[in-house]
Amino acid sequence: MITIKGQEIKNFPREMTIGEFEKVTKMVNMTVSKTGEDEPKADFQGQADKWLYIFEQLGLSEENIETITKDELIQAVNDFNQKDPSTYDLVSEFSIGGKTYHCAIEEGKEISAKRFALVERMVKKEPSKIPSLIVASIFDDGSLTKNEHYSDAHVKHKADIFRKELNASIAIPYIPWLMNEIMKGKKELIQELENESDNT
């Protein structure tokens, strides 16, 4: 948590649900005009506008939005962007609503091609929901069939539940690893296709 004008604001994933983390990530990645003029693709005309909006969405009161000084805003942005000193460990299972979900990927082992395809397909469909979709793609409810584990509709349903109920610290260690696997897989596939075309 950071404190802005005496008010606490969440800033670390361990303090948020996955849904809150996705919302914050989307807001932080919003664009600011580079020219200072109206740009159709820019979300904001300046950094101050962007960060006032972000802090308002995170719960900073209207009074504090109105009275925060430029220097206080700069300090708040610096505080908000501090690296979390906590470490986020991989978990092999968690429980929500009486159901236990087990990670389908064992630590230190390679991801199966079928599971990799599921993760890749899901994150491509909704890039703004990568954290919840990754967790929903790799954690299975043991009471269901294998076909259900790979169903897009079921993964989306789990992602909706996880977005509301699960702490973002569960998703954090998996995001860079799986996104790296996706990029690595694309590069290897491109290389393989280039090699095949060279051989023909």
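Here the residue numbers are simple positions, counted from 1 along each chain's written sequence. Only residues with pLDDT of at least 70 are given local features in this predicted model, and only at 80 or more are side-chain atom pairs given and counted; all residues enter the totals for whole chains, interfaces and linings. Excluding hydrogens and water, the side-chain values take into account all heavy atoms of the structure.

Asker: Hey, could you run me through the pattern of salt bridges in this one?
Answerer: A side chain with one charge may pair with a side chain of the opposite charge, provided their charged atoms come close. One side-chain nitrogen of Lys or Arg within 4 Å of one carboxyl oxygen of Asp or Glu is enough to make a salt bridge. This structure, assessed with the given rule, holds 13 salt bridges. The partner of Lys 99 in a salt bridge is Asp 141, and the shortest N-O contact between them spans 3.6 Å. Remark: Asp 141 occurs in strand S5 (residues 139-141) and Lys 99 occurs in strand S4 (residues 99-103); sequence separation between them is 42 residues. Residue burial is assigned from relative accessible area. The probe radius is 1.4 Å, only protein chains are included, and a residue is buried under 20% of its type maximum, exposed over 50%, and partly exposed in between. Judged by relative accessible area, Asp 141 falls into the buried class, the value being 4%. A salt bridge links Lys 129 to Glu 126; the shortest N-O distance between them is 3.2 Å. For Glu 126, a relative accessible area of 23% corresponds to the partly exposed category. One salt-bridge network, held together by shared partners, links Arg 14, Glu 15 and Asp 84. Here a strand is any run of E in DSSP of at least two residues, a helix any run of H or I of at least four, and the numbering for each starts at the N terminus.

Asker: Looking at this structure, I do not really get the layout of surface pockets. What am I missing?
Answerer: Gaps left between atoms are located by rolling a probe of water-molecule size over the structure's atoms. A pocket, in this scheme, is an open set of points on a 1 Å grid over the protein atoms alone with protein on both sides within 12 Å along at least 5 of 7 lines, while a cavity is a set where a 1.4 Å probe fits but cannot get out; residues line either one if an atom lies within 4 Å of a point. Grid points are joined across faces, edges and corners, and a volume is the space filled by probe spheres set on the points. The volume enclosed by the largest pocket comes to roughly 230 Å³. Looking at which element gives the most residues to the lining of the largest pocket, the answer is helix H1 (residues 18-28), with four residues. Ten residues, namely Ala, Val, Leu, Ile, Met, Phe, Trp, Tyr, Cys and Pro, are considered nonpolar, four, namely Asp, Glu, Lys and Arg, are considered charged, and the remaining ones, Gly among them, are considered polar. Split by residue class, the lining of the largest pocket holds eight nonpolar, four polar and two charged.

Asker: What is the right way to read the nonpolar core from this model?
Answerer: We define the nonpolar core as a collection of buried residues of types Ala, Val, Leu, Ile, Met, Phe, Trp, Tyr and Cys that are connected through side-chain atoms lying within 4.5 Å of one another. Formed by 54 residues in total, the largest nonpolar core has its most connected members in Phe 55, Phe 94, Ile 134, Ile 138 and Phe 162. When residues of this core are assigned to their parent elements, the largest contribution, six residues, is made by helix H6 (residues 130-138). Apart from the residues within four sequence positions on either side, Ile 138 is in contact with His 102, Cys 103, Ala 104, Ile 105, Arg 115, Val 119, Tyr 174 and Leu 178. Any two residues whose heavy atoms approach within 4.5 Å are treated as being in contact.

Asker: Where do I start with unusual backbone geometry in this structure?
Answerer: Across the chain, the bulk of peptide bonds are trans and the bulk of non-glycine residues have phi less than zero. The backbone of Lys 5 sits at a positive phi, close to 50°, despite the residue not being glycine. Relative to the helices and strands, Lys 5 resides in the loop between strand S1 (2-4) and strand S2 (7-9). Judged by its relative accessible area of 34%, Lys 5 is partly exposed.

Asker: Honestly, the packing of H1 against H6 in this entry has me stumped. Any pointers?
Answerer: Each pair of packed helices gets described by two things: the angle between the helix axes and the distance between those axes. Every axis in this analysis is a line fitted to C-alpha atoms, fitted for helices over the stretch in contact. Angles between the N-to-C directions lie between 0 and 180 degrees. The interhelical angle for the contact between H1 and H6, taken along N-to-C directions, is 140°, at an axis separation of 8 Å. As far as their axial angle goes, H6 and H1 are oblique. Here Ile 18, Phe 21 and Glu 22 of H1 come into contact with H6, specifically with Ile 130, Pro 131, Ser 132 and Val 135. Of the residues assigned to the contact of H1 with H6, the class counts are five nonpolar, one polar and one charged. Should an angle fall under 35 degrees it is called roughly parallel, over 145 degrees roughly antiparallel, and 65 to 115 degrees roughly perpendicular, with every other angle called oblique.

Asker: Quick question: what am I supposed to make of helix H5 (residues 113-125) here?
Answerer: Within an α-helix, residues lying three or four positions from one another point in the same direction, as the helix has 3.6 residues per turn. One less than the number of residues in a helix, times 1.5 Å, gives the span that helix is expected to have. Given a rise of 1.5 Å per residue, 13 residues ought to cover 18 Å, and the 18 Å separating the end C-alpha atoms of H5 matches this to within 8%. Burial in H5 covers these residues: Arg 115, Phe 116, Leu 118, Val 119, Met 122 and Val 123. Seen end-on, H5 carries its buried residues on one side only, within an arc spanning 160°. Among the exposed residues of H5, those pointing more than 90 degrees away from its buried face are Ala 113 and Lys 124. An arc is given here, and it is the one of the directions from the helix axis to the C-beta atoms.

Asker: Help me out: how do you make sense of the side chain of Glu 22 in this one?
Answerer: Tracing the backbone shows Glu 22 in helix H1. N or O atoms closer than or at 3.5 Å make up a polar contact, with two conditions inside protein: a donor-capable atom paired with an acceptor-capable one, and, for residues adjacent in sequence, both atoms drawn from side chains. Among the polar contacts listed, one links the side chain of Glu 22 to the side chain of Ser 132, at a separation of 2.6 Å. Those residues in contact with Glu 22 that lie beyond four places of it in its chain are Ser 128, Lys 129, Ile 130, Pro 131, Ser 132 and Arg 163.

Asker: What exactly am I supposed to notice about the packing of aromatic side chains here?
Answerer: Any two aromatic rings considered together are summarised by their centre-to-centre distance and by the angle between their planes. Only centres within 6.5 Å qualify two rings of Phe, Tyr or Trp (six-membered ring in Trp) as a pair; their planes then separate them into stacked at under 30 degrees, edge-to-face at over 60, and tilted for everything else. For the structure shown, the criterion picks out nine aromatic pairs. Between Phe 44 and Tyr 53, the ring centres sit 5.5 Å apart and the planes meet at 45°, which makes this aromatic pair tilted. A residue is classified by how much of its surface remains accessible, and Phe 44, at 13% relative accessible area, is buried. The class of Tyr 53 is partly exposed, set by a relative accessible area of 31%. Pairing Phe 94 with Phe 162 gives two aromatic rings, centres 5.3 Å apart and planes at 80°, and the pair type is edge-to-face. Here Phe 94 is found in strand S3 (residues 93-96), whereas its partner Phe 162 is found in helix H8 (residues 152-165), with 68 residues between them in sequence. Residue Phe 94 shares its accessibility class with Phe 162, and that shared class is buried. Only when the NZ atom of a Lys or the CZ atom of an Arg is both within 6 Å of the ring centre and within 35 degrees of the ring normal do we say a charge sits over the ring. The aromatic ring of Tyr 150 is capped on one face by Lys 114, whose charged end is 4.4 Å from the ring centroid.

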